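Examination of the molecular architecture
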Amino acid sequence: DAGVTQSPTHLIKTRGQHVTLRCSPISGHKSVSWYQQVLGQGPQFIFQYYEKEERGRGNFPDRFSARQFPNYSSELNVNALLLGDSALYLCASSGGTGSYEQYFGPGTRLTVT
Amino acid sequence: ILNVEQSPQSLHVQEGDSTNFTCSFPSSNFYALHWYRWETAKSPEALFVMTLNGDEKKKGRISATLNTKEGYSYLYIKGSQPEDSATYLCAQDYGGATNKLIFGTGTLLAVQP
């Protein structure tokens with residue numbers, strides 16, 4: 001079985017631009033979470049989606065948005081990029097509410113110049 | 001303790017040494033604690049999910065213990081090998097509708113041959 005996949009692997013954008021990151025969960029998993037990892041810190045929770053509904057949101061500005069599709073894949077969108085948005089963005093999938101294990105993808109490295 | 005904290009920040013050991021790291025977390029409203037192993041440029045790998053006070057889990061040469069009353073978990077590696085070199089992350093899971101993970105900043109382990 002394929003694990004969690006994310007695309008693209010790397011991305012370079014300019015301040016003010018918009019970016020879309022994509023995640024495909026493990027087959028059969030209905031929940032997707034997004035995390036931001038800045039160098040020197042642990043991953044920070046951004047969003048969780050379950051069955052296409054937002055179940056949780058971390059302390060991130062409204063420039064960050066996400067959605068989940070009927071096939072349970074997900075997109076993270078960031079508008080009006082700032083230099084501080086440069087980070088590794090990780091996606092995690094799980095079986096859903098009450099399921100303990102969360103499995104991570106390799107991440108998308110976003111650089112904002 | 002208000003946040004998830006890990007110590008030490010980094011550790012350099014010789015091949016064959018045994019080592020251990022600490023994860024401290026808020027003990028109130030405990031749901032679960034996750035340990036991950038993260039090699040550079042790879043996905044974080046789930047090691048253990050621990051839920052009960054006094055839990056002990058083992059995977060090969062790696063084991064972990066949990067004390068929910070005092071808010072700490074230990075990760076032990078017996079007879080470290082160069083392939084154990086990685087960042088070890090712990091994360092507190094608050095459960096509920098979100099299953100949001102709050103991560104520590106990790107312990108970077110380097111095992112010298």
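The structure this text deals with has already been given above.
All values derive from a computational prediction rather than experimental measurement.

**Regarding the overall build of chain A**
- When you go through chain A residue by residue, the secondary structure sums to zero helices and 11 strands.
- Compactness check: chain A gives a C-alpha radius of gyration of 13 Å against a globular reference of 13 Å for 113 residues, within 12% of the reference.
- A principal-axis box enclosing the C-alpha atoms of chain A has dimensions of 40 × 25 × 25 Å.
- The buried share among the 113 residues of chain A stands at 50%.
- Considering only intrachain contacts with a sequence separation of at least 6, the fraction spanning at least 24 residues in chain A is 52%.
- When the accessible area of chain A is evaluated, it comes to approximately 5,300 Å², of which 47% is carbon and sulfur surface.
- A distance of 8 Å separates the average location of the 10 positive side-chain charges in chain A from that of its 8 negative side-chain charges.

**Overview of the sheet that holds strand 3 (residues 19-24) of chain A**
Residues and elements named next belong to chain A.
- Here we have four strands laid out as an open sheet, ordered 1-3-8-7, and antiparallel in their pairing. Where the open sheet ends on each side, the last strands, each with one partner, are strand 1 (5-7) and strand 7 (64-68). Taking the axes of each pair of neighbouring strands and ignoring which way they run, one obtains an average angle of 15° across the sheet.
- As paired strands, strand 3 and strand 8 (residues 74-78) are joined by five bridges and run antiparallel to one another. Counted as the bridge partner of threonine 20 is asparagine 77 from strand 8.

**Digging into the pairing of strand 4 (residues 32-38) of chain B**
All names here are of chain B.
- Of all seven residues making up strand 4, seven are buried, and the element is well covered by its neighbours.
- Here strand 4 shows a buried face lined by Ala32, His34, Tyr36 and Trp38 and a second buried face lined by Leu33, Trp35 and Arg37.
- Here seven bridges tie strand 4 to strand 9 (residues 86-93), and the two strands are oriented antiparallel to one another. Paired with histidine 34 across the bridge in strand 9 is alanine 91.
- Bridge count between strand 4 and strand 5 (residues 45-50): five bridges; the pairing is antiparallel.

**So, the state of the cysteines**
- Across all of its chains, the model carries two disulfides over all chains by this definition.
- For A:Cys23, the disulfide goes to A:Cys91, at an S-S distance of 1.8 Å. Its torsion about the S-S bond being -60°, the disulfide of A:Cys23 and A:Cys91 is classed as left-handed. Of this pair, A:Cys23 sits in strand 3 while A:Cys91 sits in strand 9 (residues 87-94), placing them 68 residues apart in sequence.
- A relative accessible area of 0% means that A:Cys91 is categorised as buried.
- Each sulfur in the disulfide pair B:Cys23 and B:Cys90 lies 2.0 Å from the other. Taking the torsion about the sulfur-sulfur bond, which here is approximately 80°, the covalent link between B:Cys23 and B:Cys90 counts as right-handed. With a gap of 67 residues between them, B:Cys23 in strand 3 (residues 19-24) and B:Cys90 in strand 9 connect regions that are remote in the sequence.
- Judged by its relative accessible area of 0%, B:Cys90 is buried.

Cut-offs applied
Residues numbered from 1 in each chain as written. Chains lettered and ligands numbered in written order. Predicted model: local features only at pLDDT ≥ 70, side-chain atom pairs only at ≥ 80, totals over all residues. Heavy atoms only, no water. Helix = DSSP H or I, 4+ residues; strand = E, 2+ residues; numbered from the N terminus. Rg over C-alpha atoms; globule rule 2.2 N^0.38 Å. Buried < 20%, exposed > 50% of the residue type's maximum accessible area, 1.4 Å probe, protein only. Contact = heavy atoms within 4.5 Å. Areas by Shrake-Rupley, 256 points an atom, 1.4 Å probe, with all protein chains shown as cover. Lys, Arg positive; Asp, Glu negative; His and termini not counted. Charge placed at Lys NZ, Arg CZ, Asp CG, Glu CD. Pairing = 2+ DSSP bridges. Axes fitted to C-alpha atoms, helices over the stretch in contact; angles between N-to-C directions. Disulfide = S-S within 2.5 Å.

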